[in-house]
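Observations on the three-dimensional arrangement
In case you want the letters, here they are:
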Amino acid sequence: MSRPLLAPRSSLAWSLSVLGLTAIIAAGVQAVLLVELAGEPTWVLLLFPLLAVVYISLGLLAWWRRPANRIGLLLVFGGWALFVAGLANVPLAVAVPGTVVATLILAIVVHLLHVFPSGQIRGTASRAIVAAGYLVTLVIYAPQYLFRPGAEPPFSAINIRGDQALYDAALLAGKVCISLVMALTAIVLWQRVGAAPRRQRPGLAFVYLYGVIAVLALTFAANVFPTLFGFGPVDTAVTQLAILGGVPVVIGVAMLRGELSHVGGVEVLVAVLEPDASAPKALESALGDALGDPTARLLPQGAAALADASRGIVEVRHGDHVAAAIEYDALLFPDADAVRPAAGLVGLVLERDRLAEELRRHDEELRRSRDIVATTAEEERRRIARDLHDGVQAKLTMLALHARLGEADGATLATEIEAAIDELRGLIAGVMPPALIERGLTAALEDLTDRSP
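First things first, this report covers the structure right here in the doc. (Residues numbered from 1 in each chain as written. Predicted model: local features only at pLDDT ≥ 70, side-chain atom pairs only at ≥ 80, totals over all residues. Heavy atoms only, no water.)

Moving on: the packing of aromatic side chains. Enumeration according to the criterion identifies four aromatic pairs in this entry. Arranged with centres 5.5 Å apart and planes meeting at 85 degrees, the rings of W80 and F83 form a pair that is edge-to-face. Note that W80 and F83 are positioned in helix α4 (residues 70-86) at a spacing of three residues, about one turn of the helix. F83 sits in the buried class, given a relative accessible area of 14%. (Phe/Tyr/Trp six-rings, centres within 6.5 Å; stacked < 30°, edge-to-face > 60°. Helix = DSSP H or I, 4+ residues; strand = E, 2+ residues; numbered from the N terminus. Buried < 20%, exposed > 50% of the residue type's maximum accessible area, 1.4 Å probe, protein only.)

Right, let's talk about the sheet that holds strand β2 (residues 312-318) for a bit. Across the sheet, three strands lie side by side as β1-β3-β2; this open sheet has antiparallel pairing. Edge positions in the sheet fall to β1 (297-300) and β2, since each of these pairs with one other strand and no more. The average angle at which neighbouring strand axes cross in this sheet is 30 degrees, direction not considered. Sheet topology places β2 next to strand β3 (residues 321-328); seven bridges connect them, and they run antiparallel. Counterpart to V316 in the pairing with β3 is A324. (Pairing = 2+ DSSP bridges. Axes fitted to C-alpha atoms, helices over the stretch in contact; angles between N-to-C directions.)

The next point concerns the side chain of T219. By secondary structure assignment, the location of T219 is in helix α10 (residues 201-223). Classification of T219 as buried rests on a relative accessible area of 16%. Ignoring sequence-local partners within four residues, the contact set of T219 consists of S179, M182 and V224. (Contact = heavy atoms within 4.5 Å.)

On to the nonpolar core, then. Counting residues in hydrophobic clusters, the biggest one holds 56 residues, and the most contacted among them are Y55, L82, L112, F116, L244 and I251. Sorting the residues of this core by element identifies α3 (47-65), α4, α6 (104-115), α7 (124-140), α9 (164-195), α10 and α12 (233-257) as the ones contributing at least two each. Considering every element that reaches this core, the biggest residue donor is α6, with ten residues. When neighbours within four sequence positions are excluded, L82 is seen to be in contact with F48, L51, A52, Y55, I105 and L241. Counting residues in each nonpolar core, the second largest holds 17 residues, with L283, L291, L298 and Y328 among its members. (Core = buried A, V, L, I, M, F, W, Y, C linked by side-chain atoms within 4.5 Å.)

Spelled out as structure tokens, the structure:
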């Protein structure tokens, strides 16, 4: 009977369902607070909980499809950042955390674009840009609410003192720094479009090009559009929220197109640990599902040297023995450590199959040996019966007949009886040699050798 595979996935589904339900309830509560207490225009303010639900929903979907990939977690994190930022529009104490994280979503979007599609930051430049994004949104923007002139409750609770000079300096520094972060992100994404493998370039370019447009448009909406097109605060907010809302959508479309294809994580490979599901094709298919890489291949032992040099290779080992190798898309997994757990499971499967094949061969050899023993024993029984019937029994019968008819004297009968006894002794010794009983197998073999012609 096959082992149930749904236990870990069911736990994940339950946890993600609770997160999704919590997000919907929180968005509903926030929408009510905005309608009842916030100012105009209400429909613009309601974009915050709406976009929060979009981010969280698509993040939960990505999390479900790729539990080991951080993109789903980042999307959920971005949704909650939008939700908290929306609280800044409610004239209650809950507005304070919303003010603190008002621009955090910008750093999260930058982070998302840099880690797509593997979920891991690649390269020193990307790490520095992402770190700078969080530094700008959480630290450099801080003087805008710590020193904001004329702050009123509840914002006065976090206002150290009103200082117009510090406020203006922080505003300018924030705009310059976040614009620089966005520009550098656009450069990195544009480079990745050109560096993407040709067969994957259309799908990856779909996200990267939108990312380039998004980060530049966010910068222009805040710094250029007000002057160029006369955008007011509402126009700027709507434009930026619309751009931000497109980020999870394009990632979701890419996920459906295959860049983040459906997997259940490495635990999917547990299914092939069942003896009836470990054929090479089934194992390779399950490997591709677990990694989310339909191009993943399982190479036989010794074939790793023939693999495509542009792709990643991880050896499948069991102990010190190299059993095979996994060839995978290095763009999806820039760090080979993400593939090694799958390689470990594949190694277990291959070792199990090797042991099962070895056990099968041993069983066949044992079965053949038993057949040989049974056949030999039957032939030996027939030989003994034949020797008894044609030899000793025939002689004893003739002796009995001669004695009854008086055709032989006592000396002759004694001689023939002794000959029959010697023949019987020889037959018994052939069945169970005394040397074997008294002195063991070695002595019995030496005695047999001495008596052989």
